[in-house]
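What follows is each chain in one-letter form.
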2 protein chains.
Amino acid sequence: MTPQRQLVVDAVRALGHATPEQICTRVQETAPAVNITTIYRTLELLERIGLVRHTHLGHGAPTYSEQEHQHVHLVCHHCGSVAEAPTDLMDQLAARLRDESGFTLDATHVALSGRCADCAEDADADPTDSTEQETDR
Amino acid sequence: MTPQRQLVVDAVRALGHATPEQICTRVQETAPAVNITTIYRTLELLERIGLVRHTHLGHGAPTYSEQEHQHVHLVCHHCGSVAEAPTDLMDQLAARLRDESGFTLDATHVALSGRCADCAEDADADPTDSTEQETDR
DNA sequence: CTACCTGCAAACAGTTTGCCGCCTG
DNA sequence: CAGGCGGCAAACTGTTTGCAGGTAG
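What counts and what doesn't
- Sequence order as written defines the numbering, with residues in each chain counted from 1.
- A letter from A marks each chain and a number from 1 marks each ligand, given out in the order of writing.
- Per-residue local features of the predicted model are confined to residues with pLDDT of at least 70, and side-chain atom pairs are confined, for both listing and counting, to 80 or more; whole-chain, interface and lining totals are unaffected and use all residues.
- Neither water nor hydrogens contribute to the side-chain values; these are computed over all heavy atoms in the structure.
- Nonpolar cores were defined as sets of buried Ala, Val, Leu, Ile, Met, Phe, Trp, Tyr and Cys residues, with membership established by side-chain atoms within 4.5 Å.
- Residue exposure (1.4 Å probe, protein chains only): buried if accessible area is under 20% of the type maximum, exposed if over 50%, otherwise partly exposed.
- Numbering goes from the N terminus for both helices and strands, where a helix is a DSSP run of H or I of at least four residues and a strand is a run of E of at least two.
- The contact criterion used is simple: two residues touch if any of their non-hydrogen atoms lie within 4.5 Å.
- Residue proximity to a molecule or strand is established when one non-hydrogen atom of the residue lies within 4 Å of it.
- Two N or O atoms count as a polar contact when they lie within 3.5 Å, although within protein this holds only if one can serve as hydrogen donor and the other as acceptor, and sequence-adjacent residues are included solely when both atoms are side-chain atoms.
- Gly is placed with the polar residues, together with every amino acid not listed as nonpolar (Ala, Val, Leu, Ile, Met, Phe, Trp, Tyr, Cys and Pro) or charged (Asp, Glu, Lys and Arg).
- Two parts placed together each lose some accessible area under a 1.4 Å probe, and the buried area is that loss summed for both.
- Any carboxyl oxygen of Asp or Glu within 4 Å of a side-chain nitrogen of Lys or Arg constitutes a salt bridge here.
- Strands were regarded as paired on the criterion that DSSP finds at least two bridges between them.
- A patch consists of residues exposed above 30% relative accessible area that lack any salt bridge, with like charges linked at up to 9 Å and nonpolar side chains (Val, Leu, Ile, Met, Phe, Trp, Tyr) linked at up to 5 Å.
- Every accessible area reported is derived by Shrake-Rupley at a probe size of 1.4 Å, with residue values counting cover from the shown protein chains alone.

What about the nonpolar core?
Part 1: Among the nonpolar cores identified, the biggest contains 30 residues, and Met90 and Leu112 of chain A together with Met90 and Leu112 of chain B are the most heavily contacted of them.
Part 2: Elements supplying a minimum of two residues to this core: strand S3 (72–76) and helix H4 (91–101) of chain A together with strand S3 (72–76) and helix H4 (91–101) of chain B.
Part 3: Apart from the residues within four sequence positions on either side, leucine 112 of chain A is in contact with Val72, His73, Leu74, Val75 and Met90 of chain A together with Met90, Leu93, Leu97, Phe103, Leu105, Val110 and Leu112 of chain B.

Quick look at the structure:
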């Protein structure tokens, strides 16, 4: 466990969810010379040994978190907000998939896409709202 | 509706699921001068008017398909295979999300990640199999 | 003539690779 | 001295942008 690797672990812990880029910035606050390449290589290693995990929140870069951070993520494809839900939400779906097609679901690896409560209201109230963004869809 | 646009529509129809790159290759078989930029711009337009839709199957490029192609996609993060399941699979989950958090789920927009039946068997049979690939996770 | 459409080149984000030098055992 | 580790530059994929010429109404 080299100093760089320890810093990456610390950064992941401190940031909660973070992209490799964000982790790099954070690490560089204490060790400016550290290269983004090292971040990627270290994250890959940390993931292989089970210390961290990553989740795809949508289009952009994946976010890394501690192994223990297990949630279902709900991203709003309208405003881009990310909500967390307990994993047991997917239990019955997972069971059904397993029974019907032998597919073992990894509920936390990719976020579910949809529209959050706030944006649903906005759509009702003012469909032509100028604050529209359309993050991904 | 310009010739280029028609070709893009035709390509999406013909290919079923395809990345912008694949669509471009296909279009260029009949119109070699067509640029990838045009593919992107056309797909964006076709999506806005509701002729096509796109789905994130994982890490890489999104895949475009006809609007009518509505399935839940199951990607195996081990072998990379993509299976299709009926959308009603997610109905009870969608209902629960709507009731509990006001989140309107778009079940078809992002693929569910997990391990397919074949790869689950492989893991049992031979965990150190040299054909291992680890597509994403 | 005006507006839209297209092609091309360039830029951009995110990620990976090759190489080389360094440090440690 | 051998192997792992890390820094740097370069390549690569996927995507977007600015610009300029062309074409149709």
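Here's the deal with the protein's contact with DNA strand C
Part 1: Close contacts around DNA strand C come from 16 residues, with Tyr40 and Pro62 of chain A together with Thr2, Thr38 and Arg41 of chain B the closest.
Part 2: Between a phosphate oxygen of DNA strand C and a side-chain N or O atom of threonine 38 of chain B, the distance comes to 2.5 Å.
Part 3: Looking at the surface near DNA strand C, the elements with two or more residues in it are helix H2 (20–30) and helix H3 (36–48) of chain A together with helix H1 (3–15) and helix H3 (36–48) of chain B.
Part 4: Considered class by class, the residues forming the surface near DNA strand C number six nonpolar, six polar and four charged.

What to know about the interface of chain B and chain A
Part 1: Each partner contributes to the interface: chain B provides 32 residues, whereas chain A provides 31 residues.
Part 2: Summed over both sides, the interface of chain B with chain A buries roughly 2,700 Å², with 63% coming from carbon and sulfur.
Part 3: The interface formed by chain B and chain A includes zero salt bridges.
Part 4: Seen at the junction of chain B and chain A, the total is seven residue pairs in polar contact (both at pLDDT 80 or more).
Part 5: Looking at the side of chain B that touches chain A, the elements that each hand over two or more residues are S3, H4, strand S5 (104–105), strand S6 (112–115) and helix H5 (117–125) of chain B.
Part 6: Among the elements that line the side of chain B that touches chain A, the one with the most residues is H4 of chain B, at six residues.
Part 7: Residue classes in the side of chain B that touches chain A are distributed as 15 nonpolar, ten polar and seven charged.
Part 8: Of the strand pairs in this sheet, strand S5 (residues 104–105) of chain A and S6 of chain B are connected by two bridges, and their pairing is antiparallel. Paired with leucine 105 of chain A across the two strands is glycine 114 of chain B, which belongs to S6 of chain B.

Notes on the sheet that holds strand S6 (residues 112–115) of chain A
Part 1: Taken in spatial order, the four strands line up as S4(A)-S3(A)-S6(A)-S5(B) in an open sheet, and their pairing is mixed. At either margin of the open sheet sits one strand with a lone partner, and together these are strand S4 (82–85) of chain A together with S5 of chain B.

A word on the pairing of S3 of chain A
For a regular strand, side chains alternate in direction, first toward one face of the sheet and then toward the other.
Residues and elements named next belong to chain A.
Part 1: With respect to burial, S3 is a largely interior element, five of its five residues being buried.
Part 2: Side chains Val72, Leu74 and Cys76 of S3 all project onto a buried face; the interleaved residues His73 and Val75 project onto the opposite face, where all are buried too.
Part 3: Relative to S4, S3 runs antiparallel, the two being bridged by four bridges. When the sheet's bridge partners are listed, valine 75 is paired in S4 with valine 82.
Part 4: With antiparallel pairing between neighbouring strands as the criterion, S3 and S4 make up a hairpin whose turn holds five residues, including glycine 80 at a positive phi of roughly 85 degrees.
Part 5: Of the pairings in the sheet, the one linking S3 to S6 comprises three bridges and is parallel in character. When the sheet's bridge partners are listed, valine 75 is paired in S6 with serine 113.

Some remarks on the sheet that holds strand S4 (residues 82–85) of chain B
Part 1: Judged by pairing direction, the sheet is mixed, and its four strands sit side by side in the order S5(A)-S6(B)-S3(B)-S4(B) without closing on themselves. Only two strands of the sheet have a single partner each, and these edge strands are S5 of chain A together with S4 of chain B.

Focus: a nonpolar patch on the surface
Part 1: On the surface, Met1, Ile49 and Leu51 of chain A cluster together into a nonpolar patch covering about 310 Å² of accessible area.
Part 2: Leucine 51 of chain A gets classed as partly exposed once you look at its relative accessible area, which sits at 32%.

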